[in-house]
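The chain contents come next:
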Amino acid sequence: MFFHFEHRIGTNPAKVICQAVIEHDSDFIVVGNPNKSIFKEIMVGGVSHRVASYAKVPVLLAPDKPCVVTSNGRILFPN
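Not measured: the values here are computed from a predicted model.

When its secondary structure is counted, the protein chain shows 3 helices and 4 strands. Ordered by position from the N terminus, the helices and strands of the protein chain form the series α-β-α-α-β-β-β. A buried classification covers 19% of the 79 residues belonging to the protein chain. Sequence separation of at least 24 residues holds for 48% of the intrachain contacts in the protein chain that already meet a minimum separation of 6.

This part is about a nonpolar patch on the surface. A grouping of F3, F5 and V69 is seen on the molecular surface, where their side chains present a nonpolar patch of about 350 Å² in accessible area. Residue placement: F3 occurs in the segment before α1 (13–24).

Among the nonpolar cores identified, the biggest contains 8 residues, and these are A14, C18, V21, I29, V31, V51, A55 and V57. Contributions of two or more residues to this core are made by α1 and β1 (29–33). In terms of residue count, the dominant contributor to this core is α1 (3 residues). Setting aside its immediate chain neighbours within four residues, I29 contacts I17, V21, V51, A55, V57, P58, V59 and L60.

The end-to-end C-alpha distance of α1 is 17 Å, a good match for the 16 Å that 12 residues give at a rise of 1.5 Å each. Looking at α1, one finds that the buried residues are A14, C18, A20 and V21. Each buried residue of α1 lies within a common arc of 155 degrees when the element is viewed along its axis, so the set occupies one face. Seen from the buried face of α1, the exposed residues on the opposite side, beyond 90 degrees, are K15 and I22. The elements touched by buried residues of α1 are β1 and α3 (47–54). Of the residues trailing α1, D25 is marked for its positive phi of about 50 degrees.

The next point concerns the packing of α1 against α3. Two numbers describe how α1 lies on α3: the axes approach to 9 Å, and their chain directions differ by 40 degrees. Taken together, the axes of α1 and α3 lie oblique to each other. Handedness of the crossing formed by α1 with α3: right-handed. Residues P13, A14, I17 and C18 of α1 pack against V47, R50, V51 and Y54 of α3. For the contact of α1 with α3, a count of residues per class yields 7 nonpolar, no polar and 1 charged.

Positive phi is not limited to glycine here, since D25 has a value of about 50 degrees. Within the secondary structure, D25 is located in the loop between α1 and β1.

Thresholds, definitions, all that
Residues numbered from 1 in each chain as written. Predicted model: local features only at pLDDT ≥ 70, side-chain atom pairs only at ≥ 80, totals over all residues. Heavy atoms only, no water. Helix = DSSP H or I, 4+ residues; strand = E, 2+ residues; numbered from the N terminus. Buried < 20%, exposed > 50% of the residue type's maximum accessible area, 1.4 Å probe, protein only. Contact = heavy atoms within 4.5 Å. Patch = residues over 30% accessible without salt bridge, like charges linked within 9 Å, V, L, I, M, F, W, Y side chains within 5 Å. Areas by Shrake-Rupley, 256 points an atom, 1.4 Å probe, with all protein chains shown as cover. Salt bridge = Lys/Arg side-chain N within 4 Å of Asp/Glu carboxyl O. Core = buried A, V, L, I, M, F, W, Y, C linked by side-chain atoms within 4.5 Å. Expected span 1.5 Å × (residues − 1). Arc of directions from axis to C-beta. Axes fitted to C-alpha atoms, helices over the stretch in contact; angles between N-to-C directions. Parallel < 35°, antiparallel > 145°, perpendicular 65-115°, else oblique. Left-handed = near helix turned anticlockwise from the far one by under 90°. Nonpolar A, V, L, I, M, F, W, Y, C, P; charged D, E, K, R; others polar.

This is the structure we're talking about:
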């Protein structure tokens, strides 16, 4: 399993993320999702919601708390 981390700068974060996915021919996106209600996320138009709406690949909305990636590629979110 291969992970790629990249830092980019732009005025529209969702567009920048989706463009990077296309350029790297990525299989899916993992994006942090702040502890907001889904209603507030949709109304405010958070980055994670826009990425999930526009991406052409599956998107994992990860809770905005520490996580661990195991050697076999599993992502664990402690309580």
